[in-house]
Amino acid sequence: MTTTTQKPSLANLIEYTNIPESLVRAVVKQMGGWESFKQSAPDITRHGISGGFHGFIYYSDTIAFAKRNRKAILEMATEQAEQFGQGLVEMIKCFRCMNGATEAEIVEGLAGNTDRNQVPNGLAWYAGEEVARAYCNMTEGVS
């Protein structure tokens, strides 16, 4: 991770963060492009993505996003769980949006083998929030 003092760009964000490049690009695209993402990122970081942000509102969007980006989401989540000293399922079970999900349901959702919406929706939201947080961390103090 490097610090940037340049005008924020997608390339700067990809260079700055440890989040897989494919996931950064997928989140930005899902939100309607770079300008829309930049405008939404501070609100997502402050309040969470569940408030309704472009591309992350409807299950039809979030579940498709989670399926398309499952490998990159798992890569990011696994690394983050290790940094926190937790197991992957343990970390994900703590997400507010996973309220009531069993460990078995989370494991099935992580494997992409679920007909329930909660886990893939939560994984999509997690990805969106993490990329938004990385952007805001990068731009702190940058005009």
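First, a word on what this report is: a plain description of the structure on this page. Everything numeric here is computed off the predicted structure, so don't read it as measured data.

What follows is about the layout of surface pockets. Of the volumes computed, that of the largest pocket is approximately 420 Å³. As for the largest pocket, its lining consists of 18 residues, and the residues nearest its centre are Gly-48, Phe-95, Arg-96, Cys-97 and Glu-129. Those elements giving two or more residues to the lining of the largest pocket turn out to be helix 3 (34-47), helix 5 (70-84) and helix 8 (118-139). No other element matches helix 8, which puts six residues into the lining of the largest pocket. Looking at the lining of the largest pocket residue by residue, the classes come out as seven nonpolar, six polar and five charged.

For soluble globular proteins, nonpolar side chains are generally found buried alongside one another. Within the largest apolar cluster, 45 residues are counted, with the highest numbers of intra-cluster contacts made by Leu-13, Leu-23, Val-27, Phe-37 and Phe-65. Secondary-structure elements contributing two or more residues to this core are helix 1 (10-16), helix 2 (21-30), helix 3, helix 4 (59-68), helix 5, helix 6 (88-93), helix 7 (103-110) and helix 8. Counting residues per element, this core draws most heavily on helix 8, which supplies 12 residues. When neighbours within four sequence positions are excluded, Phe-37 is seen to be in contact with Leu-13, Val-27, Val-28, Met-31, Val-131, Ala-132 and Tyr-135.

What counts, and where the lines are drawn
Residues numbered from 1 in each chain as written. Predicted model: local features only at pLDDT ≥ 70, side-chain atom pairs only at ≥ 80, totals over all residues. Heavy atoms only, no water. 1 Å grid on protein atoms, 1.4 Å probe; cavity = no way out; pocket = protein on both sides within 12 Å on 5 of 7 lines; lining within 4 Å. Points joined across faces, edges and corners; volume = space filled by probe spheres on them. Helix = DSSP H or I, 4+ residues; strand = E, 2+ residues; numbered from the N terminus. Nonpolar A, V, L, I, M, F, W, Y, C, P; charged D, E, K, R; others polar. Core = buried A, V, L, I, M, F, W, Y, C linked by side-chain atoms within 4.5 Å. Buried < 20%, exposed > 50% of the residue type's maximum accessible area, 1.4 Å probe, protein only. Contact = heavy atoms within 4.5 Å.

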